[in-house]
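So the chains spell out like this:
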Amino acid sequence: MEVPCIAVAREAGEESRHALAAAGVLDDDHEIVVEDGTIYIPVTDPSVVPDAFETTTRELPVRRGVVTPADILGDEPSLERLGDVVIIDEDESERAAEIAEAVLASDLPVRSVLNRASKIKGELRVRDWDVLAVDDEMAAAMELSPTETVHREYGHEFLLDLAAVYFSPRLATERHRIVEQITAGERVVDMFAGVGPFAIPAASHGAEVVATDLNKVAIEYLRENARRNSVADAITAIAGDVREITEEYQGTADRLIMNLPHSADDFLETAVELAGDECVIHYYDIQSDEDPFSPGIEAIRAAAEPVFEVSVETEHVVRSYAPHEVNVCLDVRLTRGQ
Ligand SMILES: C[S@@+](CC[C@H](N)C(=O)[O-])C[C@H]1O[C@@H](n2cnc3c(N)ncnc32)[C@H](O)[C@@H]1O
């Protein structure tokens, strides 16, 4: 299971461990891991990690003495953790109930255990969940529904309800890759913003952000998350179809984030209308692994040329999506012709 940690160069490991211990944020329940010259040190709460460190999440082994779900079950269940919620993907209801019971009986600080009850579906990209188990004491203390949680990612926190919005912690590294490209003062339009995992770090990086989403509930969480992360003044959050904002924001964007991988091509006309004279588009797509980039590049060229010159800056595989299918991102620069 992935846990929050910091990643630092191996040489800085000892000093960093002391700094985390002094800040009271060192996680003693998981092992420190070294890989390819980087040391990963587990932390209990990424939001209070000293600013000098960058936080991430990663699989780290549980230390001996701590009771894990695997200790109780006798085998290693496949779990995903989002804040204090554990997610499983189990078809067999008896096995699902067994895992949920073991998770709550273990030493993991878990408030609820959810099982995936449908695929991600519809325009809002939300799935159904079965609530398998809830820790009553933790639930009473938190005043959140079993499907709500607070997820921490690269120093930001996101309140969200898995039953009402799209969210995937697996995209954390990808979101960070995009946000690192942003410079202060840029005008960013996050066309499919969800609860704000691109928009909020972008605003923290100094961008002026317009964030739209068809899902009203997601936009409510995005506004709350903007407040939690102290960037409310830099974000204009709009609930509705992104196609409806072109009149107001035509020609304004220095950067467009298009994270709607199954149908982003339907929105390229809108993207071109929003693009300023020089604009970078981050275009997410799901394609066959044999030729994952050409369809997106052709679609972008068809929508933007000849008004814009199109240059592909990065062809990036984000993750494997299904057998022979990959989730990719194209970073593409549009430059308006003379
Ligand atoms: C794959 S999710 C991405 C959310 C967010 N960027 C993230 O990384 O968590 C796509 C989002 O696009 C929204 N969406 C779908 N159609 C839309 C439209 N026409 N205009 C604005 N948002 C839309 C959905 O509600 C959903 O929240």
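Quick note: structure is the one above.
Read on for a plain summary of the structure. Source: prediction; values computed, not measured. (Residues numbered from 1 in each chain as written. Predicted model: local features only at pLDDT ≥ 70, side-chain atom pairs only at ≥ 80, totals over all residues. Heavy atoms only, no water.)

**Considering the site of the ligand**
- F192, D213, L214, V242 and N259 are the nearest of the 19 residues found near the ligand.
- Taking D241, its side chain carries an N or O atom lying 3.2 Å from a nitrogen atom of the ligand.
- V242 is positioned such that a nitrogen or oxygen atom in its backbone is 3.0 Å from a nitrogen atom of the ligand.
- Within the complex, the protein chains bury 98% of what would otherwise be the 600 Å² of accessible surface of the ligand.
- Among the residues forming the shell around the ligand, the class breakdown is 11 nonpolar, four polar and four charged. (Near = heavy atom within 4 Å. Polar contact = N/O pair within 3.5 Å; in protein donor to acceptor, adjacent residues only side chain to side chain. Areas by Shrake-Rupley, 256 points an atom, 1.4 Å probe, with all protein chains shown as cover. Nonpolar A, V, L, I, M, F, W, Y, C, P; charged D, E, K, R; others polar.)

**Looking at helix 3 (residues 93-105)**
- Between its terminal C-alpha atoms helix 3 stretches 18 Å, which fits the 18 Å expected from 13 residues at 1.5 Å a residue.
- Among the residues of helix 3, R95, A96, I99, A100, A102 and V103 are the ones counted as buried. End-on view of helix 3: buried residues confined to an arc of 165 degrees, all on one side of the axis. Away from its buried face, by an angle of more than 90 degrees, helix 3 presents the exposed residues S93, E94, E101 and A105. (Helix = DSSP H or I, 4+ residues; strand = E, 2+ residues; numbered from the N terminus. Expected span 1.5 Å × (residues − 1). Buried < 20%, exposed > 50% of the residue type's maximum accessible area, 1.4 Å probe, protein only. Arc of directions from axis to C-beta.)

**Comments concerning empty space enclosed by the protein**
- Summed over the entire model, instances satisfying the criterion amount to two cavities of 30 Å³ or more.
- Lining the largest cavity are P46, T55, T56, T57, H151, R152, E153, Y154, P169 and A172.
- Secondary structure elements with two or more residues in the lining of the largest cavity: strand 4 (55-59) and strand 9 (148-153).
- Among the residues making up the lining of the largest cavity, the classes are represented as four nonpolar, four polar and two charged.
- If you add up the space inside the second largest cavity, you get close to 40 Å³.
- In terms of lining, the second largest cavity is formed by L171, E174, F198, N259, P261, Y284, V318 and N327. (1 Å grid on protein atoms, 1.4 Å probe; cavity = no way out; pocket = protein on both sides within 12 Å on 5 of 7 lines; lining within 4 Å. Points joined across faces, edges and corners; volume = space filled by probe spheres on them.)

**Details of unusual backbone geometry**
- Look at the link from E305 to P306: it is a cis peptide, with omega at 5 degrees.
- Among the structural elements, P306 can be located in the loop between helix 10 (294-304) and strand 16 (308-322).
- The phi angle at R125 is positive, at roughly 55 degrees, despite the residue not being glycine.
- Relative to the assigned elements, R125 resides in the loop between strand 7 (112-116) and strand 8 (129-134).

**Section: helix 5 (residues 172-179)**
- In terms of burial, helix 5 is a largely internal element, seven of the eight residues being buried.
- Looking at helix 5, one finds that the buried residues are A172, E174, R175, H176, R177, I178 and V179.
- If you follow the buried residues of helix 5, they end up packed against strand 9, helix 6 (199-204), strand 14 (253-258), strand 15 (275-288), strand 16 and strand 17 (325-336). (Contact = heavy atoms within 4.5 Å.)

**Let's talk about the layout of surface pockets**
- One number sums up the size of the second largest pocket: a volume of about 980 Å³.
- Along the walls of the second largest pocket sit 43 residues, with E2, V3, P4, R81 and G83 positioned nearest its centre.
- If you list the elements that add at least two residues to the lining of the second largest pocket, you get strand 1 (2-9), strand 4, strand 5 (80-82), strand 6 (85-88), strand 9 and helix 5.
- Classifying every residue of the lining of the second largest pocket by side-chain character gives 19 nonpolar, nine polar and 15 charged.

**Re the environment of V326**
- Residue placement: V326 occurs in strand 17.
- On the basis of relative accessible area, V326 is assigned to the buried category, the value being 11%.
- In this structure the C-alpha to C-alpha distance between V326 and I88, which are 238 residues apart in sequence, comes to 22 Å.
- Ignoring sequence-local partners within four residues, the contact set of V326 consists of D285, I286, Q287, S288, D289, P292, V317, R319, S320 and Y321.

**Description of the packing of aromatic side chains**
- Under the defined criterion, the tally for this structure stands at three aromatic pairs.
- Geometrically, the ring pair formed by F192 and F267 is edge-to-face, given 5.0 Å between the ring centres and 80 degrees between the ring planes. In this pair, F192 is assigned in the loop between strand 11 (187-190) and helix 6 and F267 in the loop between strand 14 and helix 9 (268-274), connecting sequence segments 75 residues apart. Each member of the pair F192 and F267 is classed as buried. (Phe/Tyr/Trp six-rings, centres within 6.5 Å; stacked < 30°, edge-to-face > 60°.)

**Quick notes on the environment of L256**
- With respect to the secondary-structure elements, L256 resides in strand 14.
- Since its relative accessible area comes to 0%, L256 is described here as buried.
- Counting along the chain gives 19 residues from L256 to A275, while the straight-line C-alpha distance between them is 7.5 Å.
- Those residues in contact with L256 that lie beyond four places of it in its chain are V189, M191, A271, L274, A275, C279, V280, I281 and H282.

**Section: the sheet that holds strand 4**
- An order of 2-3-1-4 is seen for the four strands of this open sheet, with the pairing classed as antiparallel. In the strand order of this sheet, the two ends are held by strand 2 (33-35) and strand 4, each with one partner. For this sheet the average axis-to-axis angle between neighbouring strands, irrespective of direction, equals 40 degrees.
- Relative to strand 3 (residues 38-42), strand 2 is paired through three bridges, and the arrangement is antiparallel. Pairing of V34 across the sheet is with I39, part of strand 3. (Pairing = 2+ DSSP bridges. Axes fitted to C-alpha atoms, helices over the stretch in contact; angles between N-to-C directions.)

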